[in-house]
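# Remarks on the overall topology
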Amino acid sequence: MKSKMINIKDFDFHDLLDSTSNLHDVEFKIIDENFQELGTVRSHKFLLSLLSPVLKKMFSSREEGSIVVEITGPSFISFQTLIQFLYTGDESVITDISSIDDLFDLYYLGDKYELRGARNLIKEVVSSFKINQENWIHVLKGIKKYENTFLFEDLCNILQDQVQGYLKGCPSSDEYLDDIQESDDTDFYSWVKNWIQKWRRSDTGLQEADRKYSQESELKDLKILIQNMKYQHEELIQTTQQKDKRIEELELKQEELIQTTQQKDKRIEELELKHEELIQTTQQKTKRIEELELKQEELIQTTQQNDKRIEELELKQEELIQTTQQKDKRIEELELKHEELIQTTQQKTKRIEELELKQEELIQTTQQNDKRIEELKLKQEELIQTTQQKDKRIEELELKHEELIQTTEQKDKRIEELELKHEELIQTTQQKDKRIEELELYQNDLQHDLQTKDRKIQNLESQHEEFIKNTEQKLRMMKEIKGKADFKVVYPVCLGCSGSNIPLENMFEHMKSCKFIEFDESHLKLNTEVMVNADYHNIAYKLEESRDWFIIKIRNDNKVFYIMHHSEEETKNVFYYNIKYYSWKNVDDKDIIKSVTVRCAPMGILPKDAVHNNFTTNIPIKVLLEEDVKFTMYKA
């Protein structure tokens, strides 16, 4: 038996779809019509590129690495089923689908991504789809939903044949029409009834009936066309309003940005003025410091000279002290000699007495010695005075020296303080220079952002102008289509108390006295949003500077909202109203959930006539109670 080496054919790609696997490099986020995320499907760009040229081109144009792709339209189940089939090739994941809508979504995805053989596979699955009593109505709803889309024409024909085959095998198909309540969905009931009559007539071969049915079918097609145009018009208006709102927000942000920029410019100018003042102050202080430094140098030189002078004086003082000490010793010696001389004189006196001959010599010698002693005494007194004067001079010099030392210490402290302040001033100046540089850089970035936003706003304005032109053309077409379908009230009815057969000229006086209508005395302005008050079901507003009144009707049972127009005098004015309701994301931001523009209903119309003649819009009661709902009146 030959050994077999593993290869890519042996690999089960279904394992790559495991939620714990981290090998994926693309995430598909499925988004519904209300922009809510339904789920995420992970996959691999390389494998999908092998199967779909559309995905291969899309992945090639995106950045490398993991990416996120948003898919809007198909359901999460249909997209997940498609990925599972592409990885496993197991057709049971498609044949087990019980929802017609999911099969239509798979057919759409196969065509969109050019998956070879996908459309034929879905046709085979639809051909084998079993029709029974539980699902035949749902299948017909799917046919009605998609029959006007060219892509789904083949699928709708296959399903119609299957439903016809199922109904032909039943004893009476009329009994199944009871399952469709006319009050629930009149449009669908009429469509099913006409459809059954059509294939019945085709079996009996009644040509006249076929002709009438053909006319009815053409009329129905026209209604469908009008309805589609209405939906497109509503979506167009909603998109226009969203873009208008976005442009308003951008304009507000631009104004705020301009104001902020102006404030920052003013702040920069103030900083520049302060910076110039600071530079001047710094220059003045620098000059002052230079002067102080010069004075400090002069003071240092003077101090050095004084130090030298003091050193010389100290040396002279030491010499003087030594000389004085020597003289003191000499005086002591002289005093000792003087004492000795006195003793000798005494001895000589005695000797004179004894030696009279020698007396004269001794007297002479004694007189000479006395003169010498007097001279020595005089010199001693002069020396003492000179020493005292020098002592006083030394004390004066010592006092001046101490004063000079104190003055020098004070100046040193002052210089240190000035140096500290100078360093602080330099640091502050450097910090402000850095701040100014940062502000200049930020200003440059801000100007760049403003220029970019200006270009975006110009592009948006040009797109908005083209959009307004297209919208006006479509509005003119809608007016031409609707102009032939104006509704005329034959038997006027009060929408509050349901009183009937009230003449239109008396309707306003009747409504003012009707307890079921709440009158708002505040005036209503055209082209201005007004909050809907859900606490009342019938509210009347008066148009400012006009004889026109508008009554808002809210019905809880069918969630119907419409506005009725009445004038106290004859007028040919036609009014439209735009209804919006918002969803709050946070305190500062809100999104428009829905926006619809509808013509005002004539006074006295019945609610069911208002519904059938497209004067109404559906708003859930929960939205009226929990969200912001606003309407705006427009004059045609």
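Throughout this document, residue positions are counted from 1 along each chain, in the order its sequence is written. Per-residue local features are limited, in this predicted model, to residues with pLDDT of at least 70; the limit for side-chain atom pairs, both in listing and counting, is 80 or more; totals at the level of whole chains, interfaces and linings are taken over all residues. Derived side-chain values reflect all non-hydrogen atoms in the structure, with water molecules and hydrogen atoms excluded from consideration.

Secondary structure counts use DSSP, requiring at least four H or I residues in a row for a helix and at least two E residues in a row for a strand, with both numbered from the N terminus. The helix and strand inventory of the protein chain stands at 15 helices and 13 strands. For the protein chain, the residues scored as buried account for 31% of the 636 residues in total. Only the protein chains shown count as cover for residues, and all accessible areas are computed by the Shrake-Rupley method using a 1.4 Å probe. In the structure as shown, the protein chain presents an accessible area of about 43,600 Å², 48% of it carried by carbon and sulfur atoms. Relative accessibility thresholds used throughout: buried, under 20% of the residue-type maximum; exposed, over 50%; partly exposed, between the two (1.4 Å probe, protein chains only).

Here, strands pair whenever DSSP counts at least two bridges between them. Read from one edge of the open sheet, three strands run β2-β1-β3, paired in mixed fashion. What marks the edges here is a single partner per strand, and that holds for β2 (37-43) and β3 (67-72). Strand-to-strand, the axes of this sheet are offset by a mean angle of 25°, without reference to chain direction. Alignment of strand β1 (residues 26-31) against β3, held across six bridges, turns out to be parallel. Within β3, the position partnered with Glu 27 by the bridge is Val 68. Packed on one face of the sheet, helix α3 (residues 76-88) meets β1, β2 and β3 and runs near 10° to β2. Angular values range over 0 to 180 degrees, each being the angle between N-to-C directions of two axes fitted as lines to C-alpha atoms, with helices fitted over their stretch in contact. We call two residues in contact when some of their heavy atoms are within 4.5 Å.

On to unusual backbone geometry, then. For Glu 114, which is not glycine, the phi torsion reads 55° and is therefore positive. For Glu 114, the location among the structural elements is in the loop between α5 (100-112) and α6 (118-127). The backbone phi angle of Asn 527 is positive, close to 60°, even though this residue is not glycine. With respect to the secondary-structure elements, Asn 527 resides in the loop between β4 (518-524) and β5 (529-531). According to the relative accessible area criterion, Asn 527 is exposed, its value standing at 56%.

This next bit is on a negative patch on the surface. Judged by side-chain charge, Glu 290, Glu 293, Glu 297, Glu 298, Glu 409, Asp 412, Glu 416, Glu 419, Glu 423 and Glu 424 come together as a negatively charged surface patch. Among the elements of the structure, α11 (207-354) and α12 (359-483) are those that each provide at least two residues to the negative patch. No other element matches α12, which puts six residues into the negative patch. Here Glu 416 lies in helix α12. Patch criteria: residues need more than 30% relative accessible area and no salt bridge. Like-charged residues are merged within 9 Å; nonpolar side chains of Val, Leu, Ile, Met, Phe, Trp and Tyr are merged within 5 Å. Counted as salt bridges are all cases of a side-chain nitrogen of Lys or Arg within 4 Å of a carboxyl oxygen of Asp or Glu. All tallies of charge rest on Lys and Arg as positive and Asp and Glu as negative; His and the ends of each chain are not included. By convention, charge coordinates are those of NZ in Lys, CZ in Arg, CG in Asp, or CD in Glu.

Our next topic: the pattern of salt bridges. Summed over all chains, the structure comprises 12 salt bridges. The partner of Glu 27 in a salt bridge is Arg 42, with the nearest N and O atoms 3.7 Å apart. Here Arg 42 lies in strand β2 and Glu 27 lies in strand β1, a separation of 15 residues in the sequence. Of the charged contacts in the structure, one is a salt bridge between Arg 309 and Glu 312, with a shortest N-O distance of 3.6 Å. Remark: Glu 312 and Arg 309 occur in helix α11; sequence separation between them is three residues, near one turn of the helix.

Turning our eyes to something else, we now look at the packing of helix α7 (residues 136-146) against helix α8 (residues 153-168). Between α7 and α8, the least distance of the axes is 10 Å, while the angle of their chain directions is 150°. In terms of orientation, α7 lies roughly antiparallel with respect to α8. Considering the relative orientation of α7 and α8, their crossing is left-handed. Residue-level inspection shows Trp 136, Val 139, Leu 140, Ile 143 and Tyr 146 of α7 in contact with α8, the latter providing Cys 156, Leu 159, Gln 160, Val 163, Tyr 166 and Leu 167. Each angle is binned into one of four classes, with values under 35 degrees roughly parallel, values over 145 roughly antiparallel, values of 65 to 115 roughly perpendicular, and all other values oblique. In this scheme the crossing of two helices becomes right-handed for a clockwise turn of the near helix relative to the far one and left-handed for an anticlockwise turn of less than a right angle.

In this section: the packing of aromatic side chains. Any Phe, Tyr or Trp ring, taking Trp's six-membered ring, that has another such ring centre within 6.5 Å forms a pair; planes under 30 degrees apart are called stacked, those over 60 apart edge-to-face, and the others tilted. For the coordinates displayed, the defined rule picks out five aromatic pairs. Ring centres 5.0 Å apart and planes at 55° place the aromatic pair Phe 28 and Phe 79 in the tilted group. Residue Phe 28 is located in strand β1, and its partner Phe 79 is located in helix α3; the two are separated by 51 residues in the primary sequence. Judged on exposure class, the residue Phe 28 and its partner Phe 79 are both buried. Ring-pair connections join several aromatic residues into one group, and the members of that group are Phe 104, Tyr 107, Tyr 146 and Phe 152.

Within the fold, Thr 282 resides in helix α11. Polar contact is the term for a pair of N or O atoms within 3.5 Å; when the atoms are in protein, one must be able to donate a hydrogen and the other to accept it, and sequence-neighboring residues count only if both atoms are side-chain atoms. In terms of polar contacts, Thr 282 uses its side chain to reach the backbone carbonyl oxygen of Leu 278, at 2.5 Å. With near-sequence residues (within four places) excluded, Thr 282 lies in contact with Leu 425 and Thr 429.

Within this scheme, the nonpolar core is defined by two criteria: the residues are buried Ala, Val, Leu, Ile, Met, Phe, Trp, Tyr or Cys, and they are joined through side-chain atoms within 4.5 Å. With 50 residues, the main nonpolar core has Phe 28 and Phe 79 as its most contacted residues. Excluding residues that lie within four positions of it along the chain, Phe 28 makes contacts with Gly 39, Thr 40, Val 41, Ser 43, Leu 48, Phe 59, Val 69, Ile 71 and Phe 79. Phe 508, Ile 517, Ile 579 and Ile 605 belong to the second-largest nonpolar core, a separate cluster that totals 40 residues.

Here the focus is the confidence of the model for the protein chain. Per-residue confidence from the predictor is given as pLDDT, running between 0 and 100. With 78% of its residues at a pLDDT of 70 or more, the protein chain has an overall mean of 77. Mean pLDDT in the protein chain bottoms out at helix α9 (residues 174-177), which sits at 56, and peaks at β1, which reaches 90. Predicted confidence for residues 205-210 stays below pLDDT 50, and this span has four contacts to residues more than four positions away or in other chains. In this model residues 481-485 is a low-confidence stretch, pLDDT under 50, and it forms three contacts with partners more than four residues away in sequence or in other chains.

Let us look at the packing of α5 against α6. Contact geometry for α5 and α6: axes closest at 8 Å, N-to-C directions at 165°. Regarding the angle of α5 to α6, the classification is roughly antiparallel. Of the two elements, α5 crosses α6, and the hand of that crossing is left-handed. Between α5 and α6, the residues in contact are Leu 103, Leu 106, Tyr 107, Gly 110 and Asp 111 and Ala 118, Arg 119, Ile 122, Lys 123, Val 125 and Val 126, respectively. Lys, Arg, Asp and Glu make up the charged group, whereas Ala, Val, Leu, Ile, Met, Phe, Trp, Tyr, Cys and Pro make up the nonpolar group; the residues left over, Gly among them, are polar. Along the lines of polarity and charge, the residues of the contact of α5 with α6 split into seven nonpolar, one polar and three charged.

Each full turn of the α-helix corresponds to 3.6 residues, which orients residues three or four apart in the same direction. For α5, spanning 13 residues, the distance from its first C-alpha to its last is 18 Å, which sits close to the expected 18 Å at 1.5 Å a residue. Taken together, the buried positions of α5 are Ile 100, Asp 102, Leu 103, Phe 104, Asp 105, Leu 106, Tyr 107, Leu 109 and Gly 110. Between the side-chain oxygen at the start of α5 and the backbone nitrogen of Asp 101 there is a gap of 3.4 Å, and the oxygen is on Ser 99. Of the residues trailing α5, Glu 114 is marked for its positive phi of about 55°. In this analysis, the expected span of each helix is defined as 1.5 Å times one less than the number of residues it contains.

Across six bridges, the pairing between β1 and β2 is antiparallel. Residue pairing for β2: Ile 31 is matched across the bridge by Glu 37. Between the antiparallel neighbours β1 and β2 lie five residues, among them Phe 35 with a positive phi of about 60°.

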